[in-house]
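# A look at the structure
Take a look at the letters that make up each chain.
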Amino acid sequence: MIHPLFLLMRLLQTVPLALLVFTPFQDAELRWERRRSCLAAVSYMVLGSVAMAALSPLTSQDGQRNIYARDAALVAVMAVFFYGWACLVRTGALRKLLVGLILIHYDLALQATSDLFAALILGGRYAAEVNAEAGSMTCDLCLLAANVITWPLVWYFCRDILHRNLPALDDSEAKRGLAYLFMVALLFTVAVYNPRFDVIPEVPLFAAVLIMTDMIAYYIFFQEIGIVRRRAETERQLADYQMQYQQIVSRMDGMRRLRHDLRHHLNLLGTLNAQGRTEDITAYLKQYGKVYEQMEDNKFSGDPAVDSVLSYYQAQAREENIPMDCQIFLQGSSGMEHMDMTVLLGNCLENAMEVLRRLPHEKQRMTVELQPSGAMLLLRVSNTCEAEADTDGFTNWKTFQSRKGQGRTGLGLRSIAEIAEKYNGSAQFQRKGSEFTARVSMCMLLAGQGGAP
């Protein structure tokens, strides 16, 4: 008769895996709501574990379990599980294979860890108890201990490292990662499959070192991928900023030249007036009026960075026939470093323009508001967008994913938040219906001192 603890051992080995399979993915990548998906996965694992335990006596001989039959049944149950899981996740096949391989490797490492604990405790009785059909209290407790120790670490790895870096992998990186991790998992499986754990201390020590080595290899691999991707994204963004900054500097130089030339225009008008040539003065003023209108169009606040960025994007919006309403109540300098204001305002407007370009003209709308409020400088940029699920009020930049294609992490909102924090302020974002809003506040007292120390 099967001991109930044997069922417990089966459940503990598989249920933790079911609680992790959806953790590395974004909510938008799941066909079902996350809680419903996890419930379905756990239910299948429980039923599969009970079925394997109930059928185990059919393959046992003289009270000893058939290890090969057990593993074959486990492979069949897991194959069906991962097929159903793959159907519930809407992402590339390479990324699903990568996550599936990692979790299978964890399942193997979990069993090896529990066997390692059991071998150290049972010593010479290990082989008889681990293969007994009735199961073993010691083996069950060792598996429980292995779960308690390892599961939080693996959950953190899936929720933080995988969740953050998986969208950043392009296909070539995913292929290389899959090949690398497959070799690591294959070598691990060969090394720990049905070993003589009762050979103390050589085999347990070897297994422990192998498990630790695999953990370090996984961590370093994904950390390196994250570093490389962030460096590439930062370099690309810096190149965009540099080009944008050069365009803005060019506009600022043009405005300075116009102001400098004003003195010469006034001298000429004075000469014409002294000579009584009123008709020439009238004609000249009409010609100069066009230039003056251009100067007025480029002036929003008196802050060179604000005026230049707004002029640049207003010209883009005018060329693309995108409505842009600017409500600027700042008079004079904001006190912020020009580069910071350029990046902050440029990111807000660039993100808005990218979204608006995907919408039909009748749905395009953008509003920019900039005003001081006491010691704070408040910026609000609103634009229409494609209707999606609403966010829960204003939230941070991590809630919103990049729309620049696969493999792009989208650092724009993050840069906005970092600049706001530099000036002891905050940046919050909200998507409600078909409107996206970026709300940024900064301390002008710190702005005047060049940012927070």
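Predicted model only: the values in this text are computed from it and were never measured.

The next subject is the overall build of the protein chain. Of regular secondary structure, the protein chain possesses 13 helices and 5 strands. Counting only residues that meet the buried cut, the protein chain has 45% of its 453 residues in that class. In the protein chain, 75% of the contacts between residues at least 6 apart in sequence involve partners at least 24 apart. Surface accessibility of the protein chain: about 23700 Å² in total, with carbon and sulfur atoms responsible for 60%.

The next point concerns empty space enclosed by the protein. Inspection of every chain in the model, using the stated rule, returns 2 cavities of 30 Å³ or more. What lines the second largest cavity is P24, F25, E29, T91, R95, L166 and P167. Within the lining of the second largest cavity, the residues separate by chemical class into 4 nonpolar, 1 polar and 2 charged.

Before going further, it helps to spend a moment on the environment of M45. Relative to the assigned elements, M45 resides in helix α2 (residues 34–55). With relative accessibility at 1%, the residue M45 sits in the buried group. With 28 residues separating them in the primary sequence, M45 and L17 have C-alpha atoms 8.8 Å apart. If we skip the residues at most four places from it in the chain, M45 touches T14, L17, A18, M78 and F81.

With mixed pairing, the 5 strands of this open sheet are ordered in space as β1-β2-β3-β5-β4. For this open sheet the edge positions go to β1 (324–328) and β4 (426–432), each flanked by a neighbour on one side alone. Recorded for the sheet is a direction-independent mean angle of 10 degrees between the axes of neighbouring strands. Pairing of β4 with strand β5 (residues 435–443), which is carried by 7 bridges, proceeds in the antiparallel orientation. Within β5, the position partnered with A427 by the bridge is V440. Each of β1 and β2 (366–373) touches helix α10 (residues 304–319); the most contacted strand, β1, lies at about 165 degrees to it. Helix α12 (residues 412–422) rests against β4 and β5 of the sheet, and its axis sits at about 145 degrees to β4.

F22, W85, L98, I102, F157, L181 and F222 are the most contacted members of the largest nonpolar core, which has 47 residues in total. Broken down by secondary-structure element, the contributors of at least two residues to this core are α1 (4–18), α2, α3 (67–88), α4 (93–122), α6 (137–165), α7 (171–192) and α8 (202–274). Broken down by element, the residue count for this core peaks at 8 residues, all from α4. V309, Y312, I322 and A417 belong to the second largest nonpolar core, which has 44 residues in total.

For the rest of this paragraph, the subject is the confidence of the model for the protein chain. Per-residue confidence for the protein chain gives a mean pLDDT of 78; residues scoring 70 or more make up 75%. The lowest-confidence element of the protein chain is helix α13 (residues 444–447), averaging 60 in pLDDT; the highest-confidence one is strand β3 (residues 376–384), averaging 93. Throughout residues 405–409 the model reports pLDDT below 50, and contacts reaching past four residues in sequence, or to other chains, amount to 15 contacts. This model gives residues 448–453 a pLDDT under 50, and the stretch forms 10 contacts once residues within four places in sequence are excluded.

Okay, the packing of α4 against α7 next. For the pair α4 and α7, interaxial distance at closest approach is 9 Å and the crossing angle is 20 degrees. Between α4 and α7, the interaxial angle falls into the category roughly parallel. Where α4 crosses over α7, the handedness of that crossing is left-handed. In this structure, α4 contributes L94, R95, L97, L98, L101, I102, H105, L108, A109 and A112 to the contact, and α7 contributes D171, A174, K175, G177, L178, L181, F182, V184, A185, F188, T189 and V192. Looking at side-chain class alone, the contact of α4 with α7 contains 16 nonpolar, 3 polar and 3 charged residues.

Turning our attention to the environment of T395. Along the chain, the position of T395 falls in the loop between β3 and α12. The class of T395 is partly exposed, set by a relative accessible area of 22%.

Another point: the pattern of salt bridges. Taken as a whole and judged by the stated rule, the model has 7 salt bridges. With a shortest N-O distance of 2.9 Å, R357 and E320 are connected by a salt bridge. Here the residue R357 occupies a position in helix α11 (residues 338–357), and E320 occupies one in the loop between α10 and β1, the gap between them amounting to 37 residues. A salt bridge links R358 to E386; the shortest N-O distance between them is 3.9 Å. In this pair, R358 is assigned in the loop between α11 and β2 and E386 in the loop between β3 and α12, connecting sequence segments 28 residues apart. Taking the relative accessible area as the measure of exposure, E386 reaches 36% and is therefore partly exposed. Residues joined in a network through salt bridges with shared partners are E337, D340 and K422.

How each quantity is defined
- Residues numbered from 1 in each chain as written.
- Predicted model: local features only at pLDDT ≥ 70, side-chain atom pairs only at ≥ 80, totals over all residues.
- Heavy atoms only, no water.
- Helix = DSSP H or I, 4+ residues; strand = E, 2+ residues; numbered from the N terminus.
- Buried < 20%, exposed > 50% of the residue type's maximum accessible area, 1.4 Å probe, protein only.
- Contact = heavy atoms within 4.5 Å.
- Areas by Shrake-Rupley, 256 points an atom, 1.4 Å probe, with all protein chains shown as cover.
- 1 Å grid on protein atoms, 1.4 Å probe; cavity = no way out; pocket = protein on both sides within 12 Å on 5 of 7 lines; lining within 4 Å.
- Points joined across faces, edges and corners; volume = space filled by probe spheres on them.
- Nonpolar A, V, L, I, M, F, W, Y, C, P; charged D, E, K, R; others polar.
- Pairing = 2+ DSSP bridges.
- Axes fitted to C-alpha atoms, helices over the stretch in contact; angles between N-to-C directions.
- Core = buried A, V, L, I, M, F, W, Y, C linked by side-chain atoms within 4.5 Å.
- pLDDT = per-residue confidence, 0-100.
- Parallel < 35°, antiparallel > 145°, perpendicular 65-115°, else oblique.
- Left-handed = near helix turned anticlockwise from the far one by under 90°.
- Salt bridge = Lys/Arg side-chain N within 4 Å of Asp/Glu carboxyl O.

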